[in-house]
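Residue strings, one per chain:
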Amino acid sequence: MKSRIFMYLFVFAILLALFLYVNSDKMLESRNKDIEMLQTETEQLREEVEVLRDSSQGLLLDKLDLQYFSLENNEEALSALDEFDLENPPQYITDKLLETNETEGDNPLVPYAGMNGPMKINKIKVLNHKWILADFSDGKYWGELFIRYELKENLGVDFTLVDHLLYQTK
């Protein structure tokens, strides 16, 4: 009887060892597949990060190009306005130009009569210490203005229309 118990224990131990071997082999294969999948995903993410980094650099360069003609980034033009002791000269000038919209009817700087409502200035780009580009519209018709401005000692601003255009609608 003792020999049968040892034989059953021996067979059970062999079956247990066989089960553990097969199970560990499957676990090892599963882990290897998971590792390969993670490596593939990691490589894809690295490529995507590189593409996004390149895109980000391109956008930064575009932004720098757009800021080239801007009072905020023009030290010489800003130094010409230092005597006025303004905290934010471009915003001050923009606000003064937008105040011309407060008149009844068309903006006095816009040389066109509004056909679909009053012509008002919408967007403003202060180029330097002398010039402004502005967009105007009456809701249907629109155009652009090239304006010369002069900041006075009493912080008043004189605007002079230099050139203008009205886009044709179809």
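Our structure is the block above this text.
Draft legend 1. Region of interest: the packing of aromatic side chains. Enumeration according to the criterion identifies 4 aromatic pairs in this entry. With centroids separated by 5.9 Å and ring planes inclined at 20°, the aromatic side chains of Tyr112 and Phe136 adopt a geometry described as stacked. Taken as a pair, Tyr112 in the loop between helix H3 (89-99) and strand E1 (120-126) and Phe136 in strand E2 (residues 131-137) lie far apart in primary sequence, 24 residues in all. Owing to a relative accessible area of 22%, Tyr112 belongs among the partly exposed residues under this scheme. Where Trp131 meets Phe146, the ring centres are 5.7 Å apart and the plane angle is 55°; that geometry is what we call tilted. Separated by 15 residues along the polypeptide, Trp131 in strand E2 and Phe146 in strand E3 (residues 142-151) bring together distant segments of the chain. Given a relative accessible area of 36%, Trp131 falls into the partly exposed group.

Draft legend 2. Highlighting the sheet that holds E1. With antiparallel pairing, 4 strands are arranged side by side in an open sheet as E1-E2-E3-E4. Each edge of the open sheet is held by one strand with a lone partner, namely E1 and strand E4 (157-166). On average, each strand axis in the sheet is inclined to that of its neighbour by 30°, with strand direction left out of account. In this sheet, E3 lies alongside E2 in antiparallel orientation, the contact comprising 7 bridges. Bridging from a neighbouring strand, Ile132 pairs with Ile147 of E3. Strand contacts of H3: E1, E2, E3 and E4, with the helix running at about 160° to E1, the strand carrying the most contacts.

Criteria and cut-off values
Residues numbered from 1 in each chain as written. Predicted model: local features only at pLDDT ≥ 70, side-chain atom pairs only at ≥ 80, totals over all residues. Heavy atoms only, no water. Phe/Tyr/Trp six-rings, centres within 6.5 Å; stacked < 30°, edge-to-face > 60°. Helix = DSSP H or I, 4+ residues; strand = E, 2+ residues; numbered from the N terminus. Buried < 20%, exposed > 50% of the residue type's maximum accessible area, 1.4 Å probe, protein only. Pairing = 2+ DSSP bridges. Axes fitted to C-alpha atoms, helices over the stretch in contact; angles between N-to-C directions. Contact = heavy atoms within 4.5 Å.

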